[in-house]
Amino acid sequence: MRATDIRRSDMPGPKVYNLWWGDQGLPKQKGWVQYSMSPMRQRATHNILRNWLFNGYRRLSTQVPYWIVPFAIGYGTYAWAKRYDTYLNSKAAHVAAHGGH
């Protein structure tokens, strides 16, 4: 019987720096710098409404040309179809289509 080939096994070999999930026997990694900010200094909601008001208005106003034209075409088509359907279902349309029976 042949022993399992190391290259095909799940476990990483000895040349891998992080050996396995949660392995605590590793030396500390060097050259990693991690910055963080104190939770007492963060003000995530500072001026949120004022910033949303001005920045949101600016961002929405730049998008108006892209959605107002399709909206106007769609609403115009809907209004025309509604009027045309009302006319087709009226007495005047029946008389005009079939003559005065």
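Residues numbered from 1 in each chain as written. Predicted model: local features only at pLDDT ≥ 70, side-chain atom pairs only at ≥ 80, totals over all residues. Heavy atoms only, no water.

Per an unreviewed UniProt entry, the protein is named Cytochrome b-c1 complex subunit 8, and its organism is Postia placenta MAD-698-R-SB12. Checking UniProt for the protein, the heading Subcellular location (unreviewed entry) contains the comment "Mitochondrion inner membrane". One UniProt comment on the protein, placed under Sequence similarities (unreviewed entry), says "Belongs to the UQCRQ/QCR8 family." (UniProt positions renumbered as here; feature names shortened; annotations may be inferred.)

Novice: Which parts of the structure should I look at to understand the overall build of the protein?
Specialist: When helices and strands are tallied, the protein shows 2 helices and 0 strands. Here the protein has roughly 10700 Å² of accessible surface; of this, 62% comes from carbon and sulfur atoms. (Helix = DSSP H or I, 4+ residues; strand = E, 2+ residues; numbered from the N terminus. Areas by Shrake-Rupley, 256 points an atom, 1.4 Å probe, with all protein chains shown as cover.)

Novice: I would appreciate a short explanation of the packing of aromatic side chains in the present structure.
Specialist: Centre-to-centre distance and the angle between the planes together describe a pair of aromatic rings. Overall, the coordinates contain 2 aromatic pairs when judged by the stated rule. The interplanar angle of 40° and the centroid separation of 6.3 Å between the aromatic rings of Tyr-75 and Tyr-78 together place this pair among those described as tilted. Residue Tyr-75 and its partner Tyr-78 are located together in helix α1 (residues 48-88), separated by 3 residues, close to a single helical turn. Between Trp-80 and Tyr-84, the ring centres sit 5.4 Å apart and the planes meet at 10°, which makes this aromatic pair stacked. A residue pair is termed a helical-turn pair when its members lie 3 or 4 positions apart in one helix, as Trp-80 and Tyr-84 do in helix α1 at 4 residues. On the basis of relative accessible area, Tyr-84 is assigned to the partly exposed category, the value being 43%. (Phe/Tyr/Trp six-rings, centres within 6.5 Å; stacked < 30°, edge-to-face > 60°. Buried < 20%, exposed > 50% of the residue type's maximum accessible area, 1.4 Å probe, protein only.)

Novice: Just checking my understanding: could you explain the UniProt feature "transmembrane region" (unreviewed entry) in the protein for this structure?
Specialist: If you check UniProt for "transmembrane region" (unreviewed entry), the listed places come out as residues 64-81 in our numbering. Here residues 64-81 is 100% helix and 0% strand, with 25 Å between the C-alpha atoms at its ends.

Novice: I keep staring at a nonpolar patch on the surface and nothing clicks. Help me out?
Specialist: A contiguous nonpolar surface patch, about 840 Å² in accessible area, is contributed by Val-64, Trp-67, Ile-68, Val-69, Phe-71, Ile-73, Tyr-75 and Tyr-78. For Phe-71, the location among the structural elements is in helix α1. (Patch = residues over 30% accessible without salt bridge, like charges linked within 9 Å, V, L, I, M, F, W, Y side chains within 5 Å. Salt bridge = Lys/Arg side-chain N within 4 Å of Asp/Glu carboxyl O.)

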